[in-house]
Amino acid sequence: MLTVALPKGRLLEPLGALAEAGGLPLAAALRAAGRALVVEVGDLRVLLLKDADVPVYVAQGVAEVGVAGLDQVLERNADVLRLMRVPFGHCRLCLIAADGSRPAEEGGGLVIASKYPRLAAELAARRGHQATVIPLAGSVELAARLGLADAVVDLVETGRTLRENGLHPVDEWLRVAPYLIANRAAFHVRRDEIRALGRTLGGAL
Amino acid sequence: MNAPSKVPAGVLAMVGETARRQREAENRCLDLLAAEGFQQVHLPVLEFAGDEPGSGYRFVDRAGHLIALRTDFTPLAARLLAPCLEPDAPPLHVCYAGEVIRPQPARLRRLPELYQLGFESYGVRDGATRALALTLELLRLTGVEPAACHLAVGVSGLAEKVLGRLCGGPPADELVELLRVADVDALGDALELSPGRRAALAAAVLGEPAAGWAGRLGVAGEVGRVGPLLEAARAAGLDASFELAPRLAGDYYRGVVFSLWGRHTRAVLAGGGEYVVTGVHGEVPAAGACLALGIAIEEAA
């Protein structure tokens, strides 16, 4: 039985539909499961996890495969294989500032608030910014509005939330997509099963 | 049992049955290596640290030298034995066993990969096939049946070569890392690959037979070097695949490399390959391999 880690967040519903289209009755199993965190579907054992925890479970081999956003994989610095992109949930990780502010052009140190402290620091350094990163758990938009930070680094999908909060993206730092990820060892010893799951999810594995 | 002792990260305490089984397995392996002509060497746990950043513990001794605790046997043995090595001299075969000290072991929760038993042969060309055969014999002595392992075979530097051909020059580190994590989608976008090349790269990353992709990626010659080894392994009942961009235990490998993965532990039980040692009068080809002894015993259990 292959153990698959899936995120409980907004990706779960389209993932269920994608699997159903590939012949795996995942959506139906999730509906029947109620609040259970472990669900069996055919030859799969599905773990339902917080989005940020999926790369950890896969990297440590508790789950052989999973679906996780590139943002979470990089933030967790998870040593996993990124076998294929999932065809939805694509967005951008951006440097965001309050309207009227261009912090990245003003020189000097940059104070950034983010739910992705590791990734924000790394991407800021790559762009030559001397950044101090304030880790936040959520509602990071407020940090730029209320002056906690010069800017925030967060995901932008349509930009609507930013506009409604008087913010704008200053720079795109990373294109983010959900990936089918695999544990490196598991890919060696259970390659055929993992590739079959990838094909079920519409990939060319 | 493993003693839950209060010791720093990266060291190992074993007692009782675990210690006894490991010592018995170690003795069986060293006896075999002795019978095969390998001289046992005892290598120091401390060495002078190089300029490059290391992953292990480092400290300054009383004379002001930067000292490192060993994290790997192969380069240490090569440095110590280099003055004895001549390009045209008869091969020299050595073996060793002991702890390596890694503050951040790759495995959590279980016995980390810290006690190694290995061998090196200096003055042998294309030594990977022999090293693999010997490694399989050693694994049998720890109780692991090779047929229960997965063999991954690669060629050091091949990822860089493939990317160099695809992008027409030395590849950026970020591209190499994308290949190491098998992110063909991102590579295809970054390099604007044609559908044919993207498919060939995907086939290579997924471990499909080389005939379908090596020529298209311009590395048929390099990949062909591992053909005999793969054939021999499969003939011996091993499940084997080619690995385009292996994460190597060391950056010293130059040639064919291999790793054996346990199905139960899902960890590397053993790994090795070919490399080159700079002796007093020139370069000496070498090959070796190393078992993670504790993990192999856990796999057998």
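Residues numbered from 1 in each chain as written. Chains lettered and ligands numbered in written order. Predicted model: local features only at pLDDT ≥ 70, side-chain atom pairs only at ≥ 80, totals over all residues. Heavy atoms only, no water.

1. Considerations on the overall build of chain B
Put simply, the rule is: Helix and strand assignments come from DSSP, with helices taken as H or I runs of at least 4 residues and strands as E runs of at least 2, each series counted from the N terminus. In this setup the radius of gyration rests on C-alpha atoms only. A globule is expected at 2.2 Å times the number of residues raised to 0.38. Only protein chains enter the area calculation, which uses a 1.4 Å probe; residues under 20% of their type maximum are buried, those over 50% are exposed, and those in between are partly exposed.
If you tally the helices and strands in chain B, you get ten helices and eleven strands. For chain B, whose C-alpha radius of gyration is 20 Å, the value lies close to the compact-globule estimate of 19 Å for 301 residues. Its C-alpha atoms give chain B principal-axis dimensions of about 55 × 45 × 45 Å. Scored against the burial criterion, the 301 residues of chain B give a buried share of 50%.

2. Points about the domain arrangement of chain A
Residues and elements named next belong to chain A. Threshold: What counts as a domain boundary in this text is fixed by an automatic or database domain assignment. In what follows, residue pairs with any heavy atoms lying within 4.5 Å of each other are defined as contacts. Here the quantity called buried area is the total loss of accessible area, with a 1.4 Å probe, experienced by two parts when brought into contact, counted for both.
One can read the domain layout of chain A as domain 1 (2–89 + 177–200) and domain 2 (91–175). Here the C-alpha centroids of domain 1 and domain 2 sit 29 Å apart. Across the contact, nine residues belong to domain 1 and nine residues belong to domain 2. Note on domain 1 versus domain 2: buried area summed over both sides is about 840 Å², and carbon and sulfur give 50% of it. It is Asp-71, Leu-74 and Glu-75 in domain 1 that bury the most area against domain 2; as a group they hold 57% of the surface buried on that side.

3. What to know about the interface of chain B and chain A
The accessible area lost on association of the parts is a frequent measure of interface size. Short version of the rule: The working definition used for a salt bridge is a side-chain nitrogen of Lys or Arg within 4 Å of a carboxyl oxygen of Asp or Glu. Under the rule applied, a polar contact is a pair of N or O atoms within 3.5 Å (in protein, one hydrogen donor and one hydrogen acceptor; residues adjacent in sequence only if both atoms are side-chain atoms). By the convention adopted, Pro, Cys, Tyr, Trp, Phe, Met, Ile, Leu, Val and Ala count as nonpolar, Lys, Arg, Asp and Glu as charged, and the other residues, Gly among them, as polar.
In this complex, chain B contributes 25 residues to the contact, which on the side of chain A involves 21 residues. Both sides of the chain B and chain A interface together cover about 2,000 Å² of buried area, and 46% of this is carbon and sulfur. Our count for the contact surface shared by chain B and chain A stands at four salt bridges. Between Arg195(A) and Glu208(B) there is a salt bridge, and its shortest N-O distance comes to 2.4 Å. Our count for the contact surface shared by chain B and chain A stands at 14 residue pairs in polar contact (both at pLDDT 80 or more). Looking at the side of chain B that touches chain A, the elements that each hand over two or more residues are strand E7 (149–155), helix H5 (173–180), helix H6 (184–191), strand E8 (239–242) and strand E9 (253–262) of chain B. Per element, the largest residue contribution to the side of chain B that touches chain A is three residues, and it comes from H6(B). Its residues placed into classes, the side of chain B that touches chain A shows ten nonpolar, four polar and eleven charged.

4. Thoughts on unusual backbone geometry
Positive phi values are uncommon outside glycine, yet Asn77(A) reaches one of about 50°. If you trace the backbone, Asn77(A) turns up in the loop between helix H4 (70–75) and strand E5 (80–85). Accessibility expressed as a relative area gives 53% for Asn77(A), which makes it exposed. Here the phi dihedral of Glu192(B) falls at roughly 50°; this positive angle occurs in a residue that is not glycine. As for its position among the elements, Glu192(B) is in the loop between H6 and helix H7 (195–205). When its relative accessible area of 71% is taken as the criterion, Glu192(B) is described as exposed.

5. What about the packing of aromatic side chains?
Residues and elements named next belong to chain B. Stated formally: Two rings from Phe, Tyr or Trp (for Trp, the six-membered ring) form a pair when their centres sit within 6.5 Å of each other. Planes less than 30 degrees apart are called stacked, planes more than 60 degrees apart edge-to-face, and all others tilted.
For the structure shown, the criterion picks out six aromatic pairs over all chains. On the basis of an interplanar angle of 25° and a centroid distance of 4.5 Å, the ring pair of Phe-73 and Tyr-96 is categorised as stacked. A residue pair is termed long-range when its members are at least 10 positions apart, and Phe-73 in the loop between strand E4 (66–69) and helix H2 (74–81) and Tyr-96 in strand E5 (residues 92–99) qualify at 23 residues. Since its relative accessible area comes to 1%, Phe-73 is described here as buried. Ring centres of Trp-213 and Phe-242 lie 5.5 Å apart, and the angle between their planes is 45°; on these two criteria the pair is classed as tilted.

6. Considering the pairing of strand E9 (residues 151–156) of chain A
For a regular strand, side chains alternate in direction, first toward one face of the sheet and then toward the other. Residues and elements named next belong to chain A. For clarity, the threshold we go by: Think of it this way: DSSP has to see at least two bridges between two strands before they count as a pair.
Of all six residues making up E9, five are buried, and the element is well covered by its neighbours. Inspection of the sheet shows strand E6 (residues 91–98) paired to E9 by five bridges, in the antiparallel sense. Looking at E9, one finds that Cys-94 is bridged to Asp-154.

7. A closer look at the pattern of salt bridges
For the structure on display, the rule yields 27 salt bridges over all chains. Among the salt bridges present, the one from Glu137(B) reaches Arg140(B), with a minimum N-O distance of 2.7 Å. Remark: Arg140(B) and Glu137(B) occur in helix H3 (residues 128–141); sequence separation between them is three residues, near one turn of the helix. Shared partners join several salt bridges into a network, and the residues in it are Glu64(A), Arg190(A), Glu193(A) and Arg266(B).

8. Considering the environment of Arg145(A)
Residues and elements named next belong to chain A. Looking at the secondary structure, you find Arg-145 in helix H6 (residues 141–145). Judged by relative accessible area, Arg-145 falls into the partly exposed class, the value being 48%. Each C-alpha atom, one on Arg-145 and one on Ala-98, is 5.8 Å from the other, the two residues being 47 residues apart in sequence. Excluding residues within four positions of it along the chain, Arg-145 makes contact with Asn-165, Gly-166 and Leu-167.

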